[in-house]
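A look at the structure
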Amino acid sequence: MSTVAWQSMASYLKPLVILSLISAVQAVQPSAPDFVAVPLRELKWGQINFLHTTDTHGWLAGHLSEPSYSADWGDYVSFASRMRELAEAEGRDLLLIDTGDRVEGNGLYDSSDPKGIYTSEIIRQQRIDVLSPGNHELYKKSTSEAEYRITVPNFRGHYLSSNVDIYDPETGELVELGPRVRKFTTKNQGIRITAFGFLFDFTRNYNNTVVHPVEEVVKESWFKHAIQDQAVDLFLVIGHVPVRSKEYDAVFNAIRASHPDTPIQFFGGHLHIRDCHQFDSKAVGLASGRFMETIGFASISGLSTERSKLEPSMVDPIFERRYIDNNLFSFYSHTGLNESMFPTEHGRNVSRLIQQSRSALKLDEIYGCVPETLWMSRSPHTASNNIYAWLQREVLPSMLDDTSRKGKPAFVIFNTGAIRFDLFKGQFTRDSVYIVSPFTSGFRYLKDIPYAKATQVLDVLNQQPQIFTGAEGATGLLLRTLAPPEQAARDYGIDLARLHRAESILDIPTSQHPMSIGHDSEHEIIPGYTTTDDLGADGDDTVHSMVEFYQIPNCIGALTLDSGSATPETVDLVYIDFIQPYVTFAADQVGLGVDVSQDSAVYMPSTSFTDLLVQWVKTHWGCSA
């Protein structure tokens, strides 16, 4: 997208922005469900405090089907403002952090032309102190250029990219996407901070960007110079990096080599999970979920600063964290305010801008009605109420039909990561399409493949990660990218069962009673996250009953034959185009005897998976009067 086109779209948005500034409305989107009063744990404030978002993926309107996560970005603007007021009153510091993947995953981002023109304006309304890119910002040339031209200038000096470069669209010169490092001193506590912003060792970026391996970056002279400065009270390392990863281990070890006692606060993301990792007694990393479900809160006390005069080698700082459910009940409770006192004028205006943007994009246009909720991982992948079983049984067999291959059965391989969210009972709208699968993937195929070999390709793709160990080094393949990000956590050695272990309301420390803001004292315990991390089992601000999560495969397969038909000898091996590198590797493993890059062709030209999905819904899921 050219600079002129972006400027044209920006000028179109100006009337919406001006209108939002003069029209106060009730916060939260009109179609969002009311929050539920629940038992909460208090926040533990420190000298320095943080609010953290990551992997928001365009969910700036909040969750319109789930009360626990129904606050929108405007409500978050109000929450951050009220939290700053609390910090200021106590002489504390509060910083806002965002660690990338702000794009792809919701109609508010994906349905505009150019993509993200509305969300860019909405995001910039929040005063974020340090932010970084994610891998989704780099998949496409247009996306990374929009990041460089719009988001980086919107947060000038605060957007850090310690290991990402981009070829300037105007000059062709390879330049830093954003500054490598930022050094600053906090206003109230006088904490001297050196901050970095990393991306994990991502290899599937478009060729207009360069991602330097983190393990190599920490050996570079600029990084060594940045960490040699002894006038630092806290290293702040943010990034689109799992907090348990070789990349962050490399950063931690490099800093510790020069600063054995200086505290380090890491913020991560990418895996779409709530997690907190303790590197040592003076270094902690926080990951704060996905899709605006979670606002991470972290605090540090006991920092040695010029004002505190503490001896850093003699005291361990105290790290605290909370995973705040993104809803107004949590926001009211943690700020001690009510419905009339909580919203700021700015926050209301941002909510209004979101509402206007959704209306302009026609995101509430109804395509059909979902008869029952279909889960990604809250039910076994073979269960009738599982979204993958539905795709395998209903959608893929009936919708895949290339006219040039009429009468030829197809075996389709569909990676589970192409689905990003549950499908809730009720209206299936234009927004739902992007929420369920925001990608523009089409299909490719290999013709006349023995059916037995086609199924073996699927088997290879569903093997354990070690089968790809050699391929990862040679080709950059990572099996974890086939499945949804949260499922990939297992490849980092993270036990998902541990992250979502059940706990009782009785486990709340006696000093932290369930909070109330005037509702009945006996609050309902509803299903949700029950996280256990390195700091314990009390991280979630909301006391939930446990939600059970089931393992899902990397890929599913479907045969386009009537149930009574005989098994074919040969099939067209059809697959989502995103996974072609993996199909290439698997085809070689099973001895398919084809050159996938040369022998494959487009299947159903000009048709994406989401096209098929919408067509199926319109045909089969009508809404009753």
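Above this text is the structure in question.
Let me sum up the structure you'll find in this document. The structure presented is a predicted model; accordingly, all values stated were derived computationally and were not measured.

The next subject is the sheet that holds strand β9 (residues 234–240). The six strands lie next to each other as β6-β7-β9-β10-β12-β11, forming an open sheet whose pairing is mixed. Each of the sheet's edge strands pairs with one partner strand only, and the pair in question is β6 (181–185) and β11 (274–280). Ignoring strand direction, the axes of neighbouring strands in this sheet form an average angle of 15°. Pairing of β6 with strand β7 (residues 192–199), which is carried by five bridges, proceeds in the antiparallel orientation. Counted as the bridge partner of Thr 185 is Arg 192 from β7. Helix α7 (residues 221–228) rests against β6, β7 and β9 of the sheet, and its axis sits at about 150° to β7. Sitting on the sheet, helix α8 (residues 246–258) touches β7, β9, β10 (264–268), β11 and β12 (283–288), and the angle it makes with β10 is about 165°.

Once that is clear, we can look at the nonpolar core. One broad rule of soluble globular proteins: the nonpolar side chains tend to lie buried together. The biggest cluster of nonpolar side chains holds 79 residues, and the ones touching the most others in it are Leu 51, Trp 73, Phe 79, Phe 198, Phe 223, Val 237 and Val 251. The leading source of residues in this core is helix α2 (residues 73–89), at seven residues. Setting aside its immediate chain neighbours within four residues, Phe 79 contacts Leu 51, Ile 295, Ile 324, Phe 331, His 334, Thr 335 and Phe 342. Counting residues in hydrophobic clusters, the runner-up holds 37 residues, among them Met 376, Val 395, Phe 414 and Val 433.

With that settled, consider the state of the cysteines. A full pass over the atoms with the stated rule returns one disulfide. Here Cys 369 engages in a disulfide with Cys 623; their sulfurs sit 1.9 Å apart. On the sign convention where negative is left-handed, the bridge of Cys 369 and Cys 623, at about 100° about the S-S bond, is right-handed. On the criterion of sequence distance, the pair formed by Cys 369 in strand β15 (residues 366–370) and Cys 623 in the segment after α18 (609–620) is long-range, its members being 254 residues apart.

Each neighbour pair has its own omega, and for Asp 113 with Pro 114 the value is 0°, a cis peptide bond. As for its placement among the helices and strands, Pro 114 is situated in the loop between α3 (107–110) and α4 (117–123). We note that Met 292 has phi near 55°; this positive angle belongs to a residue other than glycine. A positive phi angle, near 55°, is found at Lys 362, a position not held by glycine.

Let us now look at the pattern of salt bridges. Tallied over the entire structure, the rule returns 34 salt bridges. A salt bridge links Arg 358 to Asp 364; the nearest nitrogen and oxygen atoms lie 2.8 Å apart. When its relative accessible area of 6% is taken as the criterion, Arg 358 is described as buried. Salt-bridge contacts for Asp 431 lead to Arg 358; the nearest nitrogen and oxygen are separated by 2.9 Å.

The subject of this paragraph is the sheet that holds strand β22 (residues 570–576). Ordered by their spatial adjacency, five strands build an open sheet running β21-β16-β22-β18-β23, and the pairing between neighbours is mixed. Each edge of the sheet is formed by a strand with only one pairing partner; in this case those strands are β21 (555–559) and β23 (601–603). With direction set aside, neighbouring strand axes in the sheet form an average angle of 35°. Here strand β16 (residues 410–415) runs beside β22; their pairing, made up of four bridges, is parallel. Directly across from Phe 411, in β22, lies its bridge partner Leu 573.

If you check helix α10 (residues 345–360), its first and last C-alpha atoms are 23 Å apart, about what 16 residues at 1.5 Å a residue would give, namely 22 Å. Turning to α10, its buried residues are Gly 347, Arg 348, Asn 349, Val 350, Ser 351, Leu 353, Ile 354, Gln 356, Ser 357 and Arg 358. One or two residues past the end of α10 sits Lys 362, with phi positive at roughly 55°.

Rules used in this analysis
Residues numbered from 1 in each chain as written. Predicted model: local features only at pLDDT ≥ 70, side-chain atom pairs only at ≥ 80, totals over all residues. Heavy atoms only, no water. Pairing = 2+ DSSP bridges. Helix = DSSP H or I, 4+ residues; strand = E, 2+ residues; numbered from the N terminus. Axes fitted to C-alpha atoms, helices over the stretch in contact; angles between N-to-C directions. Contact = heavy atoms within 4.5 Å. Core = buried A, V, L, I, M, F, W, Y, C linked by side-chain atoms within 4.5 Å. Buried < 20%, exposed > 50% of the residue type's maximum accessible area, 1.4 Å probe, protein only. Disulfide = S-S within 2.5 Å. Salt bridge = Lys/Arg side-chain N within 4 Å of Asp/Glu carboxyl O. Expected span 1.5 Å × (residues − 1).

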